[in-house]
Amino acid sequence: MDSILVKGGNTLQGDIPIAGAKNAALTLMPVTLLSDEPLTLTNTPRLSDIKTMTTLLESLGAEVTSLQDGKVLAMSTHGAINTTADYEIVRKMRASNLVLGPLLAREGHAIVSLPGGCAIGARPMDIHTDGLAKMGAQIDLRDGYLHAKADGGKLKGAVIDFPFASVGATENIMMAATLAKGTTVINNAAREPEIVDLATCLRAMGAQIDGDGSPTITIQGVDRLGAATHAVVTDRIELGTYMLAPVIAGGEVTCLGGRIDLLAAFCEKLDAAGVSVTETDAGLKVALRGDRPKAVDVTTEPFPGFPTDLQAQMMAMLCFADGTSVLEEKIFENRFMHAPELVRMGADIDVQGGTATVRGVDMLKGAPVMATDLRASVSLILAGLAAEGETLVNRVYHLDRGYEKVVRKFAGVGANVERVKGQ
Ligand code: UD1
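Residues numbered from 1 in each chain as written. Predicted model: local features only at pLDDT ≥ 70, side-chain atom pairs only at ≥ 80, totals over all residues. Heavy atoms only, no water.

1. Focus on the layout of surface pockets
1) Next: By volume, the second largest pocket is sized at about 230 Å³.
2) Next: As for the second largest pocket, its lining consists of Pro-45, Arg-46, Leu-47, Ser-48, Ile-50, Lys-51, Thr-54, Val-64, Ser-66, Gly-70, Leu-73 and Asp-400.
3) Next: Those elements that provide at least two residues to the lining of the second largest pocket are helix H2 (48-60) and strand S4 (63-67).
4) Next: Counting residues per element, the lining of the second largest pocket draws most heavily on H2, at four residues. (1 Å grid on protein atoms, 1.4 Å probe; cavity = no way out; pocket = protein on both sides within 12 Å on 5 of 7 lines; lining within 4 Å. Points joined across faces, edges and corners; volume = space filled by probe spheres on them. Helix = DSSP H or I, 4+ residues; strand = E, 2+ residues; numbered from the N terminus.)

Right, here's the structure in full:
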């Protein structure tokens, strides 16, 4: 299996292009199931998770054509389709559960494998299924599969109060509600930019949706959705990841296509840590103001709070900070697996439950490390940028799931990062 070799010590200079958002694209792709007409996505990232979603959609009967080296996906789903999402595909990627709402809305029934847990926590689907049940779906769990059927063959609008602003549940219910009979109101909905992107695409297809980006989303069901072409929003997590690179390694980097409104809470923390972030027409220009970042406390929260998907990368930066930082993880119960790996590189981190205390050190030392999820893996590359000697990050397949051309992007601004072919 391939690894990434990082030789620390280079300062960074230049531009890094930021791709379309993985999480937005994975939500927009199942939208093809809601219409007989073509849906074209532009600005799609080139990632293995996108290939997994392509395989899933094709298994259901959608046609997915990758154009322009994967930056454009032309999709079409017409006629009768298969309504069973198989465990063999779903188990590879939790976002596969996003076909449940669209299948149920289109066909009135669906069988979707439960994705199971993952390295960062249990990740149940009760908020999705309770919401769909309110819309008149009967859902049973049999043999590891959710068997869902809409009463009378068609979902009905309902008022749904989420106990937690789940991103995936908001997306599944929004998609399902576009073709339901009547009006659906989601209270305590997720407000992430990917939700707004999904609503924008659905509206372009003829859906009637209001309130996306706020805690209350209202969807008036329509009989059918038409064709659309939609550009995927910028990946705010990839953006935040590369913004931390010059803070850790030194130098100045512009993240092309970056916007502060996608990451306001993150940018506030960077400012408090002594990082200058300037929005220009090209994107976000980032540089550290002094010699060393300052310690800051961080709590992960649903948008507009600090994103859990940037917690590992922020921890890598805080390992080098002047002072002690406290990181609280409030979204996933088991999302500090990068901490022991950073400790192997010389970091001073103490984890107690959902709280990590990071005492900044002057220097980390390179080491062979590995991570059990995507964001943890990239945090180890970030740490390696300023570590003394060589850091070898194993289990690269996690990175391929969510960071397109990761080596080229780091190397393009002067980092000494290369991919090492495995046996
Ligand atoms: C999405 C993102 C993921 C990000 C997460 C939180 C995609 C493809 N993935 O995941 O990168 O880390 O948002 O920003 O967009 N929960 C329940 N019951 C449910 C659903 C969720 O208890 O039915 C819990 C989860 O276990 C977790 C929390 O709610 O603790 C957040 O989950 P959710 O917002 O649903 O995340 P995802 O949509 O899975």
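2. Quick look at the nonpolar core
1) Next: Residues Val-31, Leu-57, Val-99, Met-135, Leu-155, Met-174 and Leu-202 are the most contacted members of the largest nonpolar core, which totals 75 residues.
2) Next: Per-element tally for this core: the top contributor is helix H6 (residues 167-178), with six residues.
3) Next: Setting aside anything within four residues of it in sequence, one finds Met-135 in contact with Leu-155, Lys-156, Ala-158, Ile-160, Ile-173, Ala-176, Ala-177, Ala-180 and Thr-184.
4) Next: Counting 71 residues, the second-largest nonpolar core is a separate cluster that includes Ala-273, Met-314, Leu-374 and Val-393. (Core = buried A, V, L, I, M, F, W, Y, C linked by side-chain atoms within 4.5 Å. Buried < 20%, exposed > 50% of the residue type's maximum accessible area, 1.4 Å probe, protein only. Contact = heavy atoms within 4.5 Å.)

3. Quick look at the sheet that holds strand S11 (residues 183-187)
1) Next: The strand order across the open sheet built from four strands is S10-S11-S13-S12, with neighbouring strands paired in mixed fashion. In this open sheet, the two strands that pair with only one neighbour each are strand S10 (159-161) and strand S12 (208-210). Averaged over all neighbouring strand pairs, the angle between strand axes comes to 15°, with direction disregarded.
2) Next: In this sheet, strand S13 (residues 216-220) lies alongside S12 in antiparallel orientation, the contact comprising three bridges. Across the sheet, the residue bridging to Ile-209 is Ile-219, located in S13.
3) Next: Its contacts with the sheet place H6 against S10, S11, S12 and S13, and it is angled at close to 25° to S13. (Pairing = 2+ DSSP bridges. Axes fitted to C-alpha atoms, helices over the stretch in contact; angles between N-to-C directions.)

4. Remarks on the packing of helix H8 (residues 236-249) against helix H12 (residues 374-385)
When two helices pack together, their arrangement is given by the angle between the helix axes and the distance between those axes.
1) Next: H12 packs onto H8 with a crossing angle of 20° between their chain directions and a minimal axis gap of 8 Å. Between H8 and H12, the interaxial angle falls into the category roughly parallel. Viewed along their axes, H8 and H12 form a crossing whose handedness is right-handed. Touching Ile-237, Thr-241, Leu-244, Ala-245, Ile-248 and Ala-249 of H8 are Arg-375, Val-378, Leu-382 and Leu-385, all from H12.
2) Next: Split by residue class, the contact of H8 with H12 holds eight nonpolar, one polar and one charged. (Parallel < 35°, antiparallel > 145°, perpendicular 65-115°, else oblique. Left-handed = near helix turned anticlockwise from the far one by under 90°. Nonpolar A, V, L, I, M, F, W, Y, C, P; charged D, E, K, R; others polar.)

5. So, the site of the ligand
1) Next: The local shell around the ligand holds 18 residues, among which Asp-126, Ile-127, Ser-166, Asp-309 and Ile-331 are the closest.
2) Next: In the model, a nitrogen atom of the ligand is placed 2.7 Å from a nitrogen or oxygen of the Asp-126 side chain.
3) Next: At a separation of 2.8 Å, an oxygen atom of the ligand approaches a polar backbone atom of Val-167.
4) Next: Counting only elements with at least two residues in the shell around the ligand, the list comes to helix H5 (126-134) and H6.
5) Next: Here the shell around the ligand is composed, by residue class, of eight nonpolar, five polar and five charged.
6) Next: When residues of the shell around the ligand are assigned to domains, at least three fall in each of domain 1 (3-18 + 234-420) and domain 2 (22-231). (Near = heavy atom within 4 Å. Polar contact = N/O pair within 3.5 Å; in protein donor to acceptor, adjacent residues only side chain to side chain. Domains from an automatic or database assignment.)

Fair warning: the whole summary comes from geometry, so function is off the table for now.
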